[in-house]
Amino acid sequence: MAKAQARAPGVEARAGKFPGPSLIPALHAIQERLGWLPREELVALARDVRRPLYEIEGLISFYPHFRTEPPAGVELHVCHDLSCWLQGADERIAALRERYGADPGIEVTEVSCIGRCDTPPAVAVNECPAAAAAAGTVIDAARAGQVPEYEPRTYGGGAPWPNDPYAAGEQRYRVLRAVLSGELDPAQVVTALQDAGLRGMGGAGFPTGRKWALVAAQAATPKYVICNADESEPGTFKDRQILAEQPHLVLEGLLLGMLAVGAEEGWVFVRHEYGPEEAVIRREIESLRAAGLVGDGVLAGNNGSASRRRLSVEVFTSPGGYILGEESALIECMEGHRGEPRNKPPFPGTYGLWGQPTLMNSVETFAHVPVIAERGAGWWRSQGVNGGTGLKFFAVSGHVARPGVYCVPMGSTARQLLELAGGVSGGRALAAIQPGGASSNFLAPDGLDVPLDFDALAKAGSMLGSGAVVVLAEGTDLLAAATNVLRFFRDESCGKCVPCRAGSIKAHQILTGTLAAGGGPAEVDERIPQLEETMRRTSICGLGQVALGPVMSVLRLTGQENHHGT
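Now for a quick tour of the structure. The structure presented is a predicted model; accordingly, all values stated were derived computationally and were not measured.

Focus: the overall build of the chain
- Scanning the chain from N- to C-terminus turns up 22 helices and 12 strands.
- Taken against the 2.2 N^0.38 rule, which gives 24 Å for 566 residues, the C-alpha radius of gyration of the chain at 23 Å falls within 12% of a compact globule.
- Counting over 566 residues, the chain shows a buried share of 58%.
- Considering only contacts in the chain between residues 6 or more positions apart, those separated by 24 or more positions represent 71%.
- Here the chain displays about 22,300 Å² of accessible surface, and carbon together with sulfur accounts for 50% of that area.
- The positive charge centre, built from 51 side chains, and the negative charge centre, built from 63, are 4 Å apart in the chain.

Below you can see the structure in the form of structure tokens.
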């Protein structure tokens, strides 16, 4: 990687950080080889790369995936977050602890969301995903020395999803080939994205074409492009499915982004819990390399002639932590630092990876690029309904008959999506939904007809967020559900800023105390809205800013808004 450009204002605090290259891949390699990170290995690594041991230990202490003690023969991780909690995770965890807790060969650990919310309660046995009901079978296989096998689930039914321009059996990467051959100018792709009104699908909703144009306009080189595949919010697993079923669209979108902004290096940054999906992406990259579409001399066109253009695409496996979904924290991780968000500005588009202009989009955003570039902005805009634009993937989980991933017109209502998913499980009445993942505010049943779109949901008091609809049936303790969400944010806070670090802990203590005493929304005292305002106004990044939002929305739904002065 190239030397960083001159330091931009606002990044002075980075002056004491060690330059790259990142040691995280080396730490991954040691742990993959030995199962953990022995001190003698870390000392040898420090000596080999001439980096201080305390820097390496600082990295390890931050990232939850790294181990400093030998693992048990079988590691059983059990999710306790919202979608799994709604399906009896607490009871399942208690049963698994009773069954395996005294077994020295099995380590039972409660963990944050592992992205398998469609098979709740979800577990992972030696990092192999499974439903909790099947845990015993997978554990027996692991004890016998067998490597558990897991094939990513499919929801597309074998047919291309609506956003896929390629028919079954048809040659893919048509748009990429057209750009490489000169038939299509990369600037035309950027214009198409701008005219289509495509917005980022990872949560922030920033206009995609504008972001691409901004990075393309930067004079500094080299430039980089990153696909953020680190979705880790409870209830969110749509990007996982796109990686599994549409790796060609994700990589074509990434490569088109590289060509549009003038980058030679790109990465797919994927969470380590998505091992099966990472394997799919790696195989697709190798097929691109074999086809001459990735490498040091990519093909110039359909005639098979090589060019001098270099397009390098690699996978960077996350060492864990929800905070890495935040773009600047992800970049800090890739540079080999603790994944703590940066103060902004500057933004990654002007000062990103290694201080260079960096384009970063989510999995779904990149996957929509090829069809827009080929069929045009008009086609894309026509796909939406109720004022929405284009198509949208949603992950649906919780108290629903058919949890899974659905691709619908942007602007479809939650009622329509719920009908596709078979309705509330057991024929029960609906209590509430979270329309945009754990960070979105709860909506009452009268919000079912709000279009699932950026502006409409914001007007309704929630947000589109990560594209995850979590369904809660009548009879669910909504305050307990919101407190479960708060626990996730408390556990995943990076600890960099005091409002988030201390506020999430204090708020969770208050709310768990209220619930333990048999209290409900009416018993929540004024400290909670005070903490919410402080965290929302003063936290560095979105985690702290939204952590108490779901709790406050429950107070509003239950008529306690005025009681608490919110």
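A short note on the packing of aromatic side chains
- In the structure shown here, the tally under the stated rule is 10 aromatic pairs.
- Taking the centre distance of 4.9 Å and the plane angle of 65 degrees together, the rings of Tyr322 and Phe488 count as edge-to-face. Of this pair, Tyr322 sits in the loop between β7 (312-317) and α13 (327-334) while Phe488 is found in helix α18 (residues 478-492), placing the two residues 166 residues apart along the sequence.
- We classify Phe488 as buried; its relative accessible area is 1%.

Details of helix α22 (residues 549-557)
- Of all nine residues making up α22, seven are buried, and the element is well covered by its neighbours.
- Buried within α22 are the following residues: Gly549, Pro550, Val551, Met552, Ser553, Val554 and Leu555.
- Here the buried face of α22 lies against β11 (430-434), α18, α19 (498-516), α20 (527-538) and α21 (542-546).
- Immediately downstream of α22, the backbone of Gly559 shows phi near 75 degrees, a positive value.

A short note on the nonpolar core
- Core analysis: the largest hydrophobic core is formed by 94 residues, its most contacted members being Trp212, Leu251, Leu254 and Val471.
- For this core, the element with the highest residue contribution is helix α11 (residues 247-261), accounting for 10 residues.
- Grouped together as the second largest cluster of nonpolar side chains are 64 residues, Leu82, Cys497, Ile528 and Ala547 included.

Re the side chain of Glu231
- Within the fold, Glu231 resides in the loop between β5 (224-229) and α10 (238-245).
- Nearest to the buried, unbridged Glu231 among oppositely charged side chains is Lys238, at 5.0 Å.
- Side-chain polar atoms of Glu231 contact the backbone nitrogen of Arg240, separated by 2.8 Å.
- In this structure, Glu231 is in contact with Thr236, Phe237, Lys238, Asp239, Arg240, Arg271 and Tyr274, ignoring residues within four places of it in sequence.

Some thoughts on the pattern of salt bridges
- Applying the stated criterion across every chain, the model contains 31 salt bridges.
- Salt bridges sharing partners connect three or more residues here, namely Lys238, Asp239, Glu364 and Lys392.

Describing the sheet that holds β5
- Pairing within the open sheet is parallel, and its four strands lie in the order β7-β6-β5-β8. Taken across any chain shown, the strands that pair with only one partner, and hence form the sheet edges, are β7 and β8 (358-362). Each adjacent strand pair in this sheet contributes to an overall mean axis angle of 20 degrees, direction not counted.
- Bridge count for β5 against β8 is five bridges, and the pairing is parallel. Across the sheet, residue Asn228 finds its bridge partner in β8, namely Ser362.

Comments concerning the side chain of Glu284
- Considering the arrangement of structural elements, one finds Glu284 in helix α12 (residues 275-290).
- For the buried residue Glu284, which engages in no salt bridge, the nearest side chain bearing the opposite charge is Arg172, 4.9 Å off.
- Residues within four places of Glu284 in sequence aside, it is in contact with Tyr173, Pro247, His248 and Leu251.

Some thoughts on the sheet that holds β11
- Taken in spatial order, the four strands line up as β10-β9-β12-β11 in an open sheet, and their pairing is mixed. The outermost strands of the open sheet, each flanked by one partner alone, are β10 (404-409) and β11. Ignoring which end each strand starts from, the neighbouring axes of this sheet average 30 degrees apart.
- Where strand β9 (residues 391-398) meets β10, six bridges bridge the pair, whose relative direction is antiparallel. Its bridge partner lying in β10, Lys392 is registered against Val408.
- Most of the contacts of α10 go to β9, to which it runs at about 120 degrees, and overall it touches β9 and β10.

Things to note about unusual backbone geometry
- The residue after Thr221, namely Pro222, is reached through a cis peptide bond having omega 0 degrees.
- Position of Pro222 relative to the elements: it lies in the loop between α9 (208-216) and β5.
- Within the chain, Asn386 stands out as a residue other than glycine whose phi angle is a positive 55 degrees.
- Since its relative accessible area comes to 52%, Asn386 is described here as exposed.

Conventions used here
Residues numbered from 1 in each chain as written. Predicted model: local features only at pLDDT ≥ 70, side-chain atom pairs only at ≥ 80, totals over all residues. Heavy atoms only, no water. Helix = DSSP H or I, 4+ residues; strand = E, 2+ residues; numbered from the N terminus. Rg over C-alpha atoms; globule rule 2.2 N^0.38 Å. Buried < 20%, exposed > 50% of the residue type's maximum accessible area, 1.4 Å probe, protein only. Contact = heavy atoms within 4.5 Å. Areas by Shrake-Rupley, 256 points an atom, 1.4 Å probe, with all protein chains shown as cover. Lys, Arg positive; Asp, Glu negative; His and termini not counted. Charge placed at Lys NZ, Arg CZ, Asp CG, Glu CD. Phe/Tyr/Trp six-rings, centres within 6.5 Å; stacked < 30°, edge-to-face > 60°. Core = buried A, V, L, I, M, F, W, Y, C linked by side-chain atoms within 4.5 Å. Salt bridge = Lys/Arg side-chain N within 4 Å of Asp/Glu carboxyl O. Polar contact = N/O pair within 3.5 Å; in protein donor to acceptor, adjacent residues only side chain to side chain. Pairing = 2+ DSSP bridges. Axes fitted to C-alpha atoms, helices over the stretch in contact; angles between N-to-C directions.

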